[in-house]
Amino acid sequence: MLVNEQPSQSQRFLSLDVFRGLTVALMILVNNPGSWSFVYPPFRHAEWHGYTPTDLVFPFFLFAVGNAMSFALRKYEAIGHAAAVKKILKRTFLIFIIGLLLNWFPFVKYDDGGNFVFKSFESLRIMGVLQRIALCYGIAGLLIHFLKPKGATIAGILLLAGYWLILNFAGQGDPYSLEGNAGLFIDKAILGESHMYHGEGQAFDPEGLLSTLPAVVNVIAGYLVGAYIQQKGKNNKTVGKLLIAGVVLVALAYLWNIEFPINKKIWTSSYVLVTVGLATLVLALLVYVIEIVGVKKGFGFFEVFGKNPLFIYVMSGVLVKTYGLIRPEAGMNAYSWIYKYGFQSWAGDYPGSLLFAIAHVLLFWLLGYVMDKKKIYIRV
């Protein structure tokens, strides 16, 4: 849906827009290095257990989805259960389909002879970032709507504990390994290997079905924090309690890490706690600096991303996939060509790769800036 008007100022917290925009900017940055062979360690995902700054980006975005939900779900209470469920499920479906189509886009590819052929549905990856966002939004939205915040909190705790138990009892060998985690077997049985991600050297989906369940808690937590800020107001007491909550969650995550390793690729429950804790700390600091102290200069860059987050993220994916159809030189697509001649040739391997990514962040900031100036906001 296209909306040509500024969202209601009464329902806006600049700090929340900045937080959401920061995550979108970072998603574009880490997803688009000039070359995957030349990526600085902080911009890589952890090989398996542990986490890097890059591993915080996706769960932070889910947390931001929950923040936004704390505004939207208040309206749903007045329209009745049937209408609310319809709205939640419709948005879930649309985001999932957009993600699926983005996986399929541009629908054609080069064959070995250099000719265009249609991409087969038989090898289409079903899950992905947007698909996980959709499912987490839908499940969290229904839990919060029907169970209210207290019930959704209990449900979130049960999801984290239940996921731990499922991995322990249904896994094979090392239940937290790539080959032995229960999510792998569930995805193979339901999705099929040809519809899964193969970037780990085998069929394994880091946005798989089972590991989506603990990710729901990132959204529930974002909702609870967003609702708390609205209820208690933007003041030092609110910020102080959020900082305490964040520190406690991080401490609990590291305690749980002793038994249940922090791991982004299977989205362990300890990973949920550490990312929720860190997201709460970052948001609390933003609320303090922006809303209480009143420092707004310099944050407008990220606010632009936060006003059209889904559209900007999708467009970044569309552009990168379109590069693959353009071959300025034999055996080299536009993505590699731009990196080689536009950045690597004068900046070097690693700096050039990073500058390529930064250039794309700036490109999509410009898109968001123009849309904001024209008061164009795209909502699903």
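Residues numbered from 1 in each chain as written. Predicted model: local features only at pLDDT ≥ 70, side-chain atom pairs only at ≥ 80, totals over all residues. Heavy atoms only, no water.

Colleague: Explain the overall build of the protein chain here, please?
Modeller: Tallying secondary structure elements over the protein chain gives 12 helices and 4 strands in all. For 380 residues, the compact-globule formula gives about 21 Å, and the C-alpha radius of gyration of the protein chain, at 21 Å, lands near that figure. Its C-alpha atoms give the protein chain principal-axis dimensions of about 60 × 55 × 40 Å. When the 380 residues of the protein chain are sorted by exposure, 48% land in the buried category. By sequence separation, contacts in the protein chain at least 24 residues apart represent 72% of the contacts at least 6 residues apart. For the protein chain, the exposed area adds up to about 17,500 Å²; of that, 67% sits on carbon and sulfur atoms. Positive and negative side-chain charges in the protein chain, numbering 32 and 21 respectively, have mean positions lying 14 Å apart. (Helix = DSSP H or I, 4+ residues; strand = E, 2+ residues; numbered from the N terminus. Rg over C-alpha atoms; globule rule 2.2 N^0.38 Å. Buried < 20%, exposed > 50% of the residue type's maximum accessible area, 1.4 Å probe, protein only. Contact = heavy atoms within 4.5 Å. Areas by Shrake-Rupley, 256 points an atom, 1.4 Å probe, with all protein chains shown as cover. Lys, Arg positive; Asp, Glu negative; His and termini not counted. Charge placed at Lys NZ, Arg CZ, Asp CG, Glu CD.)

Colleague: Help me understand the pattern of salt bridges, please; the structure alone is not making it clear to me.
Modeller: In a structure, side chains of opposite charge can pair up when their charged atoms sit close to one another. Here the structure, examined in full by the defined rule, presents 9 salt bridges. Overlapping salt bridges bring together R125, D205, E207 and K264 as one network. (Salt bridge = Lys/Arg side-chain N within 4 Å of Asp/Glu carboxyl O.)

Colleague: Explain the packing of aromatic side chains to me, please; I cannot follow it from the model alone.
Modeller: The geometry of an aromatic ring pair is captured by two quantities: the separation of the ring centres and the angle between the planes. In this structure the tally under the stated criterion is 26 aromatic pairs. Ring centres 5.8 Å apart and planes at 55° place the aromatic pair W104 and F121 in the tilted group. Taken as a pair, W104 in helix α3 (residues 81-104) and F121 in the loop between β3 (116-118) and α4 (129-170) lie far apart in primary sequence, 17 residues in all. For the pair W164 and W256, a centre-to-centre distance of 5.2 Å together with 80° between the ring planes defines the contact as edge-to-face. Highlighted residues: W164 in helix α4 and W256 in helix α7 (residues 236-257), separated in sequence by 92 residues. Judged by its relative accessible area of 26%, W164 falls in the partly exposed class. Taken together, the aromatic side chains of Y163, W164, Y176, W256 and F260 make up a single cluster linked through ring pairs. Looking at K234, its charged tip hangs above the ring of F13, at a distance of 4.6 Å from the centre. (Phe/Tyr/Trp six-rings, centres within 6.5 Å; stacked < 30°, edge-to-face > 60°. Lys NZ or Arg CZ within 6 Å of the ring centre and 35° of its normal.)

Colleague: I tried to follow empty space enclosed by the protein on my own but got confused; where do I start?
Modeller: Empty space among the atoms becomes visible once a probe the size of a water molecule is rolled across them. Scanning the entire structure with this criterion turns up 2 cavities of 30 Å³ or more. In this model, the largest cavity occupies a volume close to 90 Å³. Lining the largest cavity we find L29, V30, P33, F38, V39, Y40, F43, Y350, S353, L354 and A357. Contributions of two or more residues to the lining of the largest cavity are made by α1 (14-31) and α12 (349-373). Looking at the lining of the largest cavity element by element, the count peaks at 4 residues for α12. Partitioned by chemical class, the residues of the lining of the largest cavity number 10 nonpolar, 1 polar and no charged. (1 Å grid on protein atoms, 1.4 Å probe; cavity = no way out; pocket = protein on both sides within 12 Å on 5 of 7 lines; lining within 4 Å. Points joined across faces, edges and corners; volume = space filled by probe spheres on them. Nonpolar A, V, L, I, M, F, W, Y, C, P; charged D, E, K, R; others polar.)

Colleague: Help me understand the layout of surface pockets in this model?
Modeller: Space inside the largest pocket adds up to approximately 1,500 Å³. N31, W36, R125, V129 and Y197 are, among the 37 residues lining the largest pocket, the residues nearest its centre. Elements that contribute at least two residues to the lining of the largest pocket include exactly α1, α2 (57-76), α3, α4 and α10 (309-323). At 6 residues, α10 tops the list of elements feeding residues into the lining of the largest pocket. In terms of residue class, the lining of the largest pocket is built from 16 nonpolar, 13 polar and 8 charged.

Colleague: Looking at this structure, I do not really get unusual backbone geometry. What am I missing?
Modeller: What is expected of a backbone is that most residues other than glycine have negative phi and most peptide bonds are trans. The amide bond that connects F105 to the next residue, P106, takes the cis arrangement and shows omega of 5°. Secondary-structure assignment places P106 in the loop between α3 and β2 (108-110). One non-glycine residue with positive phi stands out, namely K148, at about 65°. According to the relative accessible area criterion, K148 is partly exposed, its value standing at 39%. Its identity is not glycine, yet K375 carries a phi of approximately 55°, on the positive side.

Colleague: Any chance you could explain the side chain of S35 here in plain terms?
Modeller: Tracing the sequence through the fold places S35 in the loop between α1 and α2. There is a polar contact of 3.1 Å between the side chain of S35 and the backbone nitrogen of S37. If sequence neighbours within four positions are ignored, S35 has contacts with Y339 and S353. (Polar contact = N/O pair within 3.5 Å; in protein donor to acceptor, adjacent residues only side chain to side chain.)

Colleague: How should I be thinking about helix α11 (residues 334-347) in this particular structure?
Modeller: Residues spaced three or four apart along an α-helix point in a common direction, a consequence of the helix completing one turn every 3.6 residues. Between its terminal C-alpha atoms α11 stretches 18 Å, which fits the 20 Å expected from 14 residues at 1.5 Å a residue. Most pronounced at K340, the bend in α11 amounts to some 40°. Among all positions in α11, only A334, Y335, Y339 and F343 are buried. Residues of α11 that are buried sit in contact with α10 and α12. N-capping of α11 is provided by N333, with a side-chain oxygen placed 3.1 Å from the backbone N of Y335. Just downstream of α11 lies G348, where phi reads positive at about 95°. (Expected span 1.5 Å × (residues − 1). Bend = angle between axes of the 7 residues up to and from the residue.)

Colleague: Honestly, the packing of helix α6 (residues 212-232) against α7 in this entry has me stumped. Any pointers?
Modeller: Describing two packed helices takes the angle between their axes plus the distance from one axis to the other. Remark: α6 packs on α7, axes separated minimally by 9 Å, with the N-to-C direction vectors making an angle of 155°. When the axis of α6 is compared with that of α7, the two are roughly antiparallel. Between α6 and α7 the crossing geometry is right-handed. Where α6 approaches α7, its residues V225, Y228, I229 and K232 are matched on the opposing element by T238, K241 and L242. (Axes fitted to C-alpha atoms, helices over the stretch in contact; angles between N-to-C directions. Parallel < 35°, antiparallel > 145°, perpendicular 65-115°, else oblique. Left-handed = near helix turned anticlockwise from the far one by under 90°.)

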